[in-house]
Amino acid sequence: MRERIALYPGTFDPITNGHVDIITRAAKLVDKLVIGVAVNPGKGPIFSLEERVALVEAEVRPIAKRAGIAVEVRPFSTLLIAFAREVGAQMIVRGLRAVSDFDYEFQMTGMNYRLDSKIETVFLMASETHQFISSRFVKDIAIFGGDITSFVPKLTAEKTMAKLKGEA
């Protein structure tokens, strides 16, 4: 039987509890999960690509151990479908938070299918406790000194606040 490999792409600046929820649930569905950390300079990341990869690796290590699967974190700066092919993924995992996400995701899924019909896109709905969380909101709250501890894992909260204070 062929190994089921999924790719979960994102900018992860920073990784949120919503991301962790999707990763945890996706890990139950596949034999290997590749988390693709996108370069995406247009989003004005607060963390460098290397810092984001390291932070995601630290946050997902316990998930991989609990799920008993291989979870690999890799940076990418190519077309998503090209990266999916490179890692051998048969599916791309996307999280949906709200109806507003659907239009964009629907269009992207259609384009990706046209580029490679062998790679399926699988949507996982965000858990009700995480539907409103986005990295952009987390950054905004943190920049203005708000408490982000309920939106991101502990290590991520510490690193985000240190980064914004110029300590990292």
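The residue numbers shown here count from 1 along each chain, following its written sequence. Where totals are concerned, whole chains, interfaces and linings use all residues; where local detail is concerned, this predicted model gives features only for residues with pLDDT of at least 70, and gives and counts side-chain atom pairs only at 80 or more. Side-chain measures here rest on the full set of heavy atoms in the structure, leaving out hydrogens and waters.

Draft legend 1. Molecular detail of the overall build of the protein. Only DSSP runs of H or I reaching four residues or more are called helices, and only runs of E reaching two or more are called strands; each is numbered from the N terminus. The secondary structure content of the protein amounts to six helices and five strands. For the protein, the sequential pattern of α-helices and β-strands runs β-α-β-α-β-α-β-α-β-α-α. Its C-alpha atoms give the protein a radius of gyration of 16 Å, within 12% of the compact-globule value 15 Å for 168 residues. The C-alpha extent of the protein, read off along each of the three principal axes, is 50 × 35 × 30 Å. Across the 168 residues of the protein, 48% fall into the buried class. Think of it this way: Lys and Arg go in the positive column, Asp and Glu in the negative one, and His and the chain ends go nowhere. Just so you know, the charge point we use is NZ for Lys, CZ for Arg, CG for Asp and CD for Glu. For the protein, the distance from the average site of its 22 positive side-chain charges to the average site of its 20 negative ones is 2 Å. In this setup the radius of gyration rests on C-alpha atoms only. A globule is expected at 2.2 Å times the number of residues raised to 0.38. Residue burial is assigned from relative accessible area. The probe radius is 1.4 Å, only protein chains are included, and a residue is buried under 20% of its type maximum, exposed over 50%, and partly exposed in between.

Draft legend 2. Representation of the pairing of strand β4 (residues 91–96) within the structure. Along β4, five of the six residues are buried, which leaves the element largely enclosed by surrounding structure. Strand pairing follows a simple DSSP-based rule, namely that at least 2 bridges must link the two strands. Bridge analysis of strand β1 (residues 5–10) against β4 gives two bridges, and the strand direction is parallel. Within β4, the position partnered with Leu 7 by the bridge is Ile 92. Of the pairings in the sheet, the one linking β4 to strand β5 (residues 120–125) comprises six bridges and is parallel in character. Looking at β5, one finds that Val 93 is bridged to Val 122. Regarding topology, helix α4 (residues 99–115) serves as the crossover connection from β4 to the parallel β5, and that connection is right-handed. Looking down the strands as they point away from you, a crossover is right-handed if its path from the first strand over the helix to the second goes clockwise.

Draft legend 3. View of the environment of Pro 14. Structurally, Pro 14 is set in the loop between β1 and α1 (17–26). Separated by 142 residues in the primary sequence, Pro 14 and Thr 156 place their C-alpha atoms 7.0 Å from one another. Any two residues whose heavy atoms approach within 4.5 Å at even a single point are treated as in contact. Setting aside residues up to four positions removed in sequence, Pro 14 forms contacts with His 19, Phe 47, Ser 135, Val 138, Lys 139, Val 152, Thr 156 and Thr 160.

Draft legend 4. Structural detail: the nonpolar core. Only buried Ala, Val, Leu, Ile, Met, Phe, Trp, Tyr and Cys residues count toward a nonpolar core, and they belong to the same one when joined by side-chain atoms within 4.5 Å. Counting 23 residues, the largest nonpolar core has Ile 23, Leu 33, Ile 35, Val 56 and Val 60 as its most contacted members. Among the secondary structure elements, those contributing two or more residues to this core are β1, α1, β2 (32–38), α2 (49–67) and β4. Residues contacting Val 60, with those up to four places away along its chain left out, are Ile 15, Ile 23, Ile 35, Val 71 and Val 73. Within the second largest apolar cluster, 13 residues are counted, among which are Leu 7, Val 34, Phe 76 and Ile 92.

Draft legend 5. Expanded view of the pairing of β2. Burial analysis of β2 places seven of its seven residues in the buried class, which makes it a mostly covered element. With burial as the criterion, each face of β2 is covered, one bearing Lys 32, Val 34, Gly 36 and Ala 38 and the other bearing Leu 33, Ile 35 and Val 37. Two strands pair when backbone bridges link them, and β1 and β2 are joined in this way by six bridges, in the parallel orientation. Bridged to Ala 6 within β2 is Leu 33.

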